[in-house]
Amino acid sequence: MTQEEKTTIEGRIVDVLRTVFDPEIPVNIYDLGLIYRIELHDDGTLDLDMTFTAPSCPAADYIFEDVRQKVESVEGVKSANVQLVFEPIWDMSMMSEESRLELGYD
């Protein structure tokens, strides 16, 4: 896989991540800053690290499974290893400027 192909596929991954929402927050998880790492390997294996706004998120199972299914549906991704991590701890500074504005934090 060329670097150009990787970049294109990674862009598609970001696009599908922007369709995943916590049911309690009207901003997608990518712009919330919940995706810590997207690493696509030459064999099409994806390593993705993500977190939640709180470790006890009531929608955690739903969101996690939605992420896994959507990234595995991206053409060029053969399999996805989605890891839930809590380091570093998420805080509002990780949100995009647009999401902070949408939620009224700026």
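Residues numbered from 1 in each chain as written. Predicted model: local features only at pLDDT ≥ 70, side-chain atom pairs only at ≥ 80, totals over all residues. Heavy atoms only, no water.

**Some thoughts on the confidence of the model for the protein**
Next, step 1: Confidence in the prediction for the protein averages 93 pLDDT; 99% of positions are at 70 or higher.
Next, step 2: Summarising per-element confidence for the protein, the mean pLDDT is lowest in helix α3 (residues 97–102) (88) and highest in strand β2 (residues 45–50) (98). (pLDDT = per-residue confidence, 0-100. Helix = DSSP H or I, 4+ residues; strand = E, 2+ residues; numbered from the N terminus.)

**Thoughts on the nonpolar core**
Next, step 1: With 28 residues, the main nonpolar core has I29, L48, M50, I63, V67 and V71 as its most contacted residues.
Next, step 2: Ignoring any residue separated from it by four or fewer positions in sequence, one finds I29 in contact with L17, V20, D22, L34, I35, M50, I63 and V67. (Core = buried A, V, L, I, M, F, W, Y, C linked by side-chain atoms within 4.5 Å. Buried < 20%, exposed > 50% of the residue type's maximum accessible area, 1.4 Å probe, protein only. Contact = heavy atoms within 4.5 Å.)

**Side note on the pairing of strand β1 (residues 35–40)**
Next, step 1: As paired strands, β1 and β2 are joined by five bridges and run antiparallel to one another. Across the sheet, I35 pairs through a bridge with M50, a residue of β2.
Next, step 2: Here β1 hands over to β2 after four residues, with G44 in that stretch at a positive phi of 90°. (Pairing = 2+ DSSP bridges.)

**Details of the side chain of K6**
Next, step 1: Mapped onto the fold, K6 is located in helix α1 (residues 3–17).
Next, step 2: Residue class for K6 comes out buried when judged on its relative accessible area of 15%.
Next, step 3: The contact partners of K6, leaving out residues within four places of it in the chain, are M1, L40, H41 and D42.

**Details of the pairing of strand β3 (residues 79–84)**
Next, step 1: Where β2 and β3 come together, six bridges link them in parallel fashion. Bridging across to β3, L48 finds its partner in V82.
Next, step 2: Between the parallel pair β2 and β3, the chain is carried across by helix α2 (residues 60–72), and the sense of this crossover is right-handed. (Right-handed = clockwise from strand over helix to strand, strands pointing away.)

**Observations concerning the side chain of D49**
Next, step 1: Tracing the chain through its elements places D49 in strand β2.
Next, step 2: Given a relative accessible area of 15%, D49 falls into the buried group.
Next, step 3: The residues touching D49, leaving out its near neighbours within four places in the chain, are L34, I35, Y36, R37, Q83 and V85.

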